[in-house]
Amino acid sequence: MLGEDAEDEVRRRLGQKAARRLRRVTPALSDELAASDGDLGLVEVVGIVGIFGIVGIDEDEQAAHLVLPDELDVSAGPIVDDAIETEQARYADHCRDDRDDEPATRDAADEQDAEPDDEDDERRAQVLAHEQDEGNEQDAEQLQEVVVVGYGVQKKSSLTGSVASVSSKEIVKQLSSNVASTLQGRTPGVDILQQAGVAGADVNIIIRGAASFGATEPLYVIDGAFSNSGLSSLNPNDIESIEVLKDGAAAAIYGSRAANGVVLITTKRGKSGKPVIEIDGSYAFQTPTNIPDFLNATQWREFANNVADNSGIAHAPENDNPTYPDTNTDWAKEWIQYAPMWNLNASISGGGENSTFSTSLGYLDQTGMTIYSDYKRYNFRVNSSYKKGIFSLSENIAITHRDKTPTTAFNISLPTLPIYDSEGRFFSGGGDYYINPEDGKAQNKIAPLHYTDRYNKVTDIIGAITAQLDLWDGLKYKFSFSGNYSNSHNYTHTPEYYTKWNEDGTPDQDYGSPKNSISESRGEEFTYTIDNLLTYNKTFAGHSIDALVGTSWMREYYRSMSLATINDLGGTETVSYTHLRAHE
């Protein structure tokens, strides 16, 4: 037990909470130290406080003081050494690592010189002594945090379903073209699948494993509106939090649409006060860590001739007498490129006594790791709210435009085949380049990418408007209208071009594209939902009631059309036409 004088000294030097904590500690070191030959000047060891070592009671003054680890007599016993080494390992950034090999001793003068600064002692000791109390306070605060769960919010301490939450601070740490990829490693039980290095690559989210043989995508809800485009249209800087409802109990309120789980996104809103303007930008790049090594031209010719000899066939002319003897094309390096990514954002938010607003702009430019591929995204979002008396109104709308040049499959050709001929034209070789001339054509793999014009463009509009009346103590009525409109346009055009010419200068029709070709598809999708909800929330005597009753009416509308042609005149052939209107 601490004496009254000693406890007062602990309170004075270490603080009130430290004194309470030390009073509760029953050390296991007292007997060991009492039996030791170490001259520690202690009659009772109270405990170990971080890097400060042993906290105890002075035999003469009956006052608590600190004994630094490097001031202890190591002959006091192995239990002391183990304790001090453990504390030094835990607080390695703060401890002194250079301890003397010989036992440390002190006299009265040395003790006076070694006395730590009182202010510094108090500051560091309070941090360490409060560690446990602060941890308990943080846990309590986290339990009081609220998370979004279908049509409302709940405290974490009240949750019975499995819900994972990711805050905006975690989301903005990673620069990515798709918000979904920022969930990787932060949400247990959620698998994130994405093609690395592909500009604007879609992300597939699988929650608790695949729940069906068909679609495995979860349901996405952005500020109360169902999203048809997943998370690809979102700007990470606009997000306040993401909640993932992982089990049936948490997602049940959404019905069969939530069979694969639910991802709820809440975007940032303004706060009352002076307008806040934020502008930020970031830069990142992608580059392959390992490119496979392929045979060079000399190795290929040697290999091809050995195969021909073993097969009893003649050598390919280009392997014995090459037209371009100095050619050594590394198709992998020609295909893969340095891929930078730019992200620029600007926002303004604020509000008054009864209203708030938040507006943001975003731009993302990502270059693909393969040539002739890129991705651009433009974002605009407006959130506002108004409250007067028992009436409140909020709205949010977001417009996103995505322009993508898709990445094509990685193809290589023979290292003996040049990319360009002597006149600077794309070059393809005939069968003379193969082991057996009858095997096929040595086509130039880069020429089709250069001549073909392709893009995928998508415009998304998603938003919601919500009105709420506070009818009675805890009883509220909420009306919500939300919708998502998406317009897509896919286009591919390949003009007439050639990569090989005959001796008379005419193009070889077998190498290149002898005719114009074009394919184009357009699609529209519109979904809207009308909700009428009556909620009641009341807390009394340590208990709470949270009830909801309401109706939800949803309608979906789809339309798509595809056209394609391969001829000289440009006439089109309708491939498919779909006009579907779903039932409510």
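Structural data are supplied above this passage.
Residues numbered from 1 in each chain as written. Predicted model: local features only at pLDDT ≥ 70, side-chain atom pairs only at ≥ 80, totals over all residues. Heavy atoms only, no water.

Chemist: How should the packing of aromatic side chains be read in this particular structure?
Modeler: For any pair of aromatic rings, geometry is given as the distance between the ring centres together with the angle between the planes. Scanning all chains against the criterion turns up 14 aromatic pairs. Aromatic side chains Tyr-363 and Tyr-378 sit 5.3 Å apart centroid to centroid with 40 degrees between the ring planes, which places their arrangement in the tilted category. Of this pair, Tyr-363 sits in strand E15 (residues 355–367) while Tyr-378 sits in strand E16 (residues 374–388), placing them 15 residues apart in sequence. The interplanar angle of 35 degrees and the centroid separation of 5.4 Å between the aromatic rings of Phe-526 and Tyr-528 together place this pair among those described as tilted. One aromatic cluster in this structure is built from Tyr-420, Phe-426, Tyr-451 and Tyr-497. Over the face of the ring belonging to Tyr-511 we find Lys-441, whose NZ or CZ atom lies 5.7 Å from the ring centre. Against the face of Tyr-455 rests Lys-457, its NZ or CZ located 4.6 Å from the ring centre. (Phe/Tyr/Trp six-rings, centres within 6.5 Å; stacked < 30°, edge-to-face > 60°. Helix = DSSP H or I, 4+ residues; strand = E, 2+ residues; numbered from the N terminus. Lys NZ or Arg CZ within 6 Å of the ring centre and 35° of its normal.)

Chemist: Honestly, the pairing of strand E8 (residues 203–207) in this entry has me stumped. Any pointers?
Modeler: When you tally the buried positions in E8, you get four out of five residues, the bulk of the element. In terms of strand pairing, strand E7 (residues 190–194) meets E8 through five bridges, oriented antiparallel. The residue of E8 that forms the bridge with Gln-194 is Val-203. (Buried < 20%, exposed > 50% of the residue type's maximum accessible area, 1.4 Å probe, protein only. Pairing = 2+ DSSP bridges.)

Chemist: Quick question: what am I supposed to make of the pattern of salt bridges here?
Modeler: Across all of its chains, the model carries nine salt bridges by this definition. Arg-402 is the salt-bridge partner of Asp-460, the closest N and O atoms lying 2.7 Å from each other. Of this pair, Asp-460 sits in strand E18 (residues 453–472) while Arg-402 sits in strand E17 (residues 391–405), and the two are 58 residues apart along the sequence. Of the two residues, Asp-460 and Arg-402, both sit in the buried class. (Salt bridge = Lys/Arg side-chain N within 4 Å of Asp/Glu carboxyl O.)

Chemist: What's the story with the sheet that holds strand E11 (residues 239–245) in this structure? I'm lost.
Modeler: Hydrogen bonds between backbone groups are what pair the strands of a sheet, and the pairing can be parallel or antiparallel. The strand order E6-E11-E12-E9-E10 describes an open sheet built from five strands, whose pairing is mixed. Only two strands of the sheet have a single neighbouring strand rather than two, namely strand E6 (163–167) and strand E10 (225–226). Two strands pair when backbone bridges link them, and E11 and strand E12 (residues 262–267) are joined in this way by six bridges, in the antiparallel orientation. Bridge assignment links Val-244 to a residue of E12, and that residue is Val-263.

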